[in-house]
Amino acid sequence: MIDIPTSLGAFSGRVMSTQTGTDPIGRLIPVVRKYWGFDTLRPLQAEAMTAVLEGRDSVVVLPTGGGKSLCFQVPAVTFTGVAIVVSPLLSLMKDQTDALQQCGIAAACLSSMQTSREQQEVIRQLDQGQLKLLYLAPERLTTARFTDLLQRLKPSFFAVDEAHCISSWGHEFRPDYRRLSMLRKMFPKTSIHAFTATATRRVRVDIAEHLALRNPEFHIGLFDRPNLTYRVERKRKKWEQICSVIEQHKGESGIIYCISRKNVEDLAASLREVGYKALPYHAGLDDSVRKRNQDAFLRETVDIIVATVAFGMGIDKSNVRYVLHAAAPKSIENYQQEAGRAGRDGLPADCVLLWGPGDFGMWRRIFGDMPPDAAPAAMQKLSQMSRYCESMTCRHQALVKYFGQSLDKRNCRACDVCLSAPEPVDDSQIIAQKILSCVVRLDEQHDAEYLEHVLVGSHDGPTLASGHESLSTFGILKEHDRRSVRDWIVQLRSDGYLQTDDGDSALSVTPAGWLVLRGNDDPELVNPRRAVRRLTIAHPAAESGAEEQLFEELRKLRKSVADDRNVPAFVIFSDAALLDMARKRPATLEQFLRVNGVGEKKCSEFGPKFIKCIAEWCHAHSVPSNDGMSSETGAPQGIRIPPKPTTSGAELEAYKLFDRGVSLEDVASNVKRAKSTVVRYLEDYLRSNQKGSPEPWVTAELHTKILESVERVGGDRLRPLFDDLDGAADYDQIRISLACLKDGATDTD
Ligand code: ADP
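Because the structure is predicted, anything quoted here is derived from the model rather than measured.

A. Inspection of helix 15 (residues 357-367) at higher detail. Within the span of helix 15, buried status applies to Asp359, Phe360, Gly361, Trp363 and Phe367. Those residues of helix 15 that are buried lie in contact with strand 14 (349-355) and helix 16 (375-390).

B. The site of the ligand, seen in detail. Within the structure, the ligand sits among 16 residues, and Thr40, Gly65, Lys68, Ser69 and Arg344 are positioned closest to it. A distance of 3.0 Å separates an oxygen atom of the ligand from a polar backbone atom of Gly67. Measuring from an oxygen atom of the ligand, one finds a side-chain N or O atom of Lys68 at 2.7 Å. Elements with a contribution of two residues or more to the shell around the ligand: strand 1 (40-41) and helix 3 (68-78). If you tally residues by element for the shell around the ligand, the top one is helix 3, at 3 residues. Residue composition of the shell around the ligand, grouped by class: 4 nonpolar, 8 polar and 4 charged. Per-domain counts for the shell around the ligand show at least three residues from each of domain 1 (16-220) and domain 2 (228-420).

C. View of the pattern of salt bridges. Applying the stated rule across the entire model yields 33 salt bridges. A salt bridge links Asp575 to Arg321, with the nearest nitrogen and oxygen atoms 3.0 Å apart. Of this pair, Asp575 sits in helix 25 (residues 575-584) while Arg321 sits in strand 13 (residues 320-325), placing them 254 residues apart in sequence. Here Asp575 falls in the buried class, since its relative accessible area comes to 3%. Among the salt bridges present, the one from Asp732 reaches Lys675, with a minimum N-O distance of 3.9 Å. On the criterion of sequence distance, the pair formed by Asp732 in helix 33 (residues 731-739) and Lys675 in helix 30 (residues 675-688) is long-range, its members being 57 residues apart. On the basis of relative accessibility, which here comes to 31%, the residue Lys675 falls in the partly exposed class. Shared partners join several salt bridges into a network, and the residues in it are Arg321, Asp345, Arg558 and Asp575.

D. Summary view of the packing of aromatic side chains. Across all of its chains, the model carries 17 aromatic pairs by this definition. Where Tyr335 meets Tyr388, the ring centres are 5.7 Å apart and the plane angle is 50°; that geometry is what we call tilted. With Tyr335 in helix 14 (residues 332-339) and Tyr388 in helix 16, this pair connects stretches of sequence that are 53 residues apart. An identical accessibility class is assigned to Tyr335 and Tyr388; each is buried. Here Phe658 and Trp697 contribute two aromatic rings whose centre-to-centre distance is 5.7 Å and whose plane-to-plane angle is 85°, an arrangement assigned as edge-to-face. With Phe658 in helix 28 (residues 650-659) and Trp697 in the loop between helix 30 and helix 31 (700-713), this pair connects stretches of sequence that are 39 residues apart. Using a relative accessible area of 1% as the deciding quantity, one classes Phe658 as buried. Among the residues examined, Trp697 registers a relative accessible area of 13% and is labelled buried. The ring of Trp355 is capped by Arg234, whose NZ or CZ atom sits 4.8 Å from the centre of that ring.

E. A look at the sheet that holds strand 12 (residues 304-307). Reading across from one edge, 9-14-13-10-12-11 is the order of the 6 strands in this open sheet, with parallel pairing throughout. A strand with exactly one partner marks an edge of an open sheet, and here the two such strands are strand 9 (228-234) and strand 11 (278-281). Neighbour-to-neighbour, the strand axes of the sheet open up by a mean angle of 15°, direction not taken into account. Bridge analysis of strand 13 against strand 14 gives 4 bridges, and the strand direction is parallel. Within strand 14, the position partnered with Leu324 by the bridge is Val352. Strands in contact with helix 11 (residues 238-248) are strand 9, strand 10 (253-257), strand 12, strand 13 and strand 14; relative to strand 14, the strand with the most contacts, it is inclined by about 175°. In the packing of helix 12 (residues 261-273) onto the sheet, contacts are made with strand 10, strand 11 and strand 12, and the angle to strand 11 comes to roughly 170°.

F. Quick peek at the sheet that holds strand 7 (residues 192-196). One open sheet accounts for 7 strands, arranged 4-5-3-6-7-2-8; its pairing is parallel. Both outer strands of the open sheet, strand 4 (107-110) and strand 8 (217-220), are each paired with one neighbouring strand and no more. Strand-to-strand twist in this sheet, taken as the mean axis angle between neighbours without regard to direction, amounts to 20°. Sheet topology note: the strand 6 (residues 157-160)/strand 7 ladder contains 3 bridges and is parallel. Residue pairing in the sheet places Val160 in a bridge with Ala194 of strand 7. The sheet strands contacting helix 5 (residues 116-127) are strand 4 and strand 5 (133-136), and the helix crosses strand 4 at an angle near 130°.

G. Seen up close, unusual backbone geometry. For the bond running from Glu695 to Pro696, omega is 5°, close enough to zero to count as cis. Among the secondary structure elements, Pro696 is positioned in the loop between helix 30 and helix 31. The phi angle at Glu444 is positive, at roughly 55°, despite the residue not being glycine. Among the secondary structure elements, Glu444 is positioned in the loop between helix 19 (428-441) and helix 20 (448-456). Accessibility expressed as a relative area gives 30% for Glu444, which makes it partly exposed. For Asp726, which is not glycine, the phi torsion reads 50° and is therefore positive. Structurally, the position occupied by Asp726 is in the loop between helix 32 (718-725) and helix 33.

Here is what the cut-offs are and how they apply
Residues numbered from 1 in each chain as written. Predicted model: local features only at pLDDT ≥ 70, side-chain atom pairs only at ≥ 80, totals over all residues. Heavy atoms only, no water. Buried < 20%, exposed > 50% of the residue type's maximum accessible area, 1.4 Å probe, protein only. Helix = DSSP H or I, 4+ residues; strand = E, 2+ residues; numbered from the N terminus. Contact = heavy atoms within 4.5 Å. Near = heavy atom within 4 Å. Polar contact = N/O pair within 3.5 Å; in protein donor to acceptor, adjacent residues only side chain to side chain. Nonpolar A, V, L, I, M, F, W, Y, C, P; charged D, E, K, R; others polar. Domains from an automatic or database assignment. Salt bridge = Lys/Arg side-chain N within 4 Å of Asp/Glu carboxyl O. Phe/Tyr/Trp six-rings, centres within 6.5 Å; stacked < 30°, edge-to-face > 60°. Lys NZ or Arg CZ within 6 Å of the ring centre and 35° of its normal. Pairing = 2+ DSSP bridges. Axes fitted to C-alpha atoms, helices over the stretch in contact; angles between N-to-C directions.

Below, the structure is given as structure tokens:
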């Protein structure tokens, strides 16, 4: 059985198997598959859905992109009545109902943006029991006319989205939300579920109290967003800094936040002048212009929206690949919310914050106009923001700490601080002992290069003296890459555990080194820096040149399908679904349905077009289709729904051949798969077996070159590496080498 967290601060992360029979999740899984086509549930989704299904009030706090909508949408589909969703913004409602309809779910919204005829039609559908979900703004829900209608319809439950708007302690208090307190009185038997991304403890309690929730379950997720890379930079050459971020994300969607309307206008105009597709958004613009600009961004006719904080709350766009703050935001809550709009689809995305002392001065002036009782709290939040900018602690750590949580990772590998910090080696003492004892076994007669070759058991370096191959320390560090071993030798020397005599490069063990050998000292070794890695990335299709190209083709098709239907592109398919398509290259509808994010309706409606596009692309590029069907998606961790059936056990067969060091060509012909697929199998094999060396598929010498290139240009995209290596390595060799990086260089893992 599922054990449901009932207290504040309960975390998920627990992996559960699929439940069947009377278990609620067992009932929901076929629904998730059929309509959404997802393979996994994200952390806490199962718990939140169970609460809805079993009619217990709840408060669900998940970070932006955590998948809150699914928590109420899935149970709503299984109930006979209509679920009422309270949502603060009309555009958001429209996008959500569009997206649900594309999945084949009867959903509608009632809003002032509709004509009275459209509204009548929705009421008719409601009356006839045709709707599963109805989205509404709070002010409409609380009118007497509407509550009468609802009394008659007996809603299955209420979901209050963006529930922090109910609390004056929250950063987006909306008085209309307060009126929702009448729901409990008018519908005493109907469960109420509140959802929010930003909630301090105080806000959560406020939400529960104002909605008069009965003994609510609190499901509080981890606020960390591991797919986001945070970077904080002092403004030096602001324009260059901004352009460099945009350049890294050419053709991708990004949001740039500024403090003032004037900054927004100026920056948007300057960007357009140099050829970027950018539009402004702020509260001072005419409503129709604002809406047009927002739509252009959602529909991807422009890549960049330059905005004040007025932009974003109604934005459901899942494939924003970067959020750039051109000035410091006014609070960490704001930052979390705004930066959180990047990468909702769970794929890599960048959050860059440029700040200068002037930003804080500007906010202080703005706060000067606030009511005197509100200003001190705002000032306090501002100084927390300023500390965040100047701090040198891990950004992921600092953000979750602000919300009362902690991360147990020592190095997040996804922020400016951690990526520029040396990473301590876990078993430093043992590694140091292995190195020092090898020096002793070599009779302290050899230099660092010789030592390195003996330690990794390599034959392609200096000629080994007789007997050295049979030393117990020969290959004793073979699971590590040569570069790390070389680095550790240098560290031991500079820390005084090894020495060389003047004029002689032979290494010998110092008295301090002997202490280590006897276990009386524990040196601190660090891994060589593979800095800048994640900072130069965030193309979701960072997998291979081929996948990147096919992904781009599929994006174009998605846009044209979306334009035909007059809906935003991400409503048709998320980037994550396109990426999975590019990986799997399905050739039939049955295979298309196995793509993560393809449900039955989308499969029959869009499948033929996308399959055709894939087939044509495969033909033009001599790549077999249906070739990656057995590969898994890079879906975020969570509850695993049993995998859709895979085509063959070819991968396992390939693993056995890899164990014997068989060449890629021979493996491909043995398992009857294309070489590109076999390369993917090999990557998984090297990663899962934590092989530090890619030999015999890539020579040690080439591996070293590739690692050096990673150091120069980062290891998250293949193209820059390929270019940097200038023909020395092909894409497959680069992929194989990267798979041997202990920490997994690519971002999709
Ligand atoms: P939130 O409201 O918490 O910000 P959303 O509900 O908008 O998040 O979900 C963000 C994105 O993640 C959407 O594109 C959604 O379809 C997708 N998503 C949600 N749950 C899952 C899941 N279990 N597997 C894959 N994608 C999911």
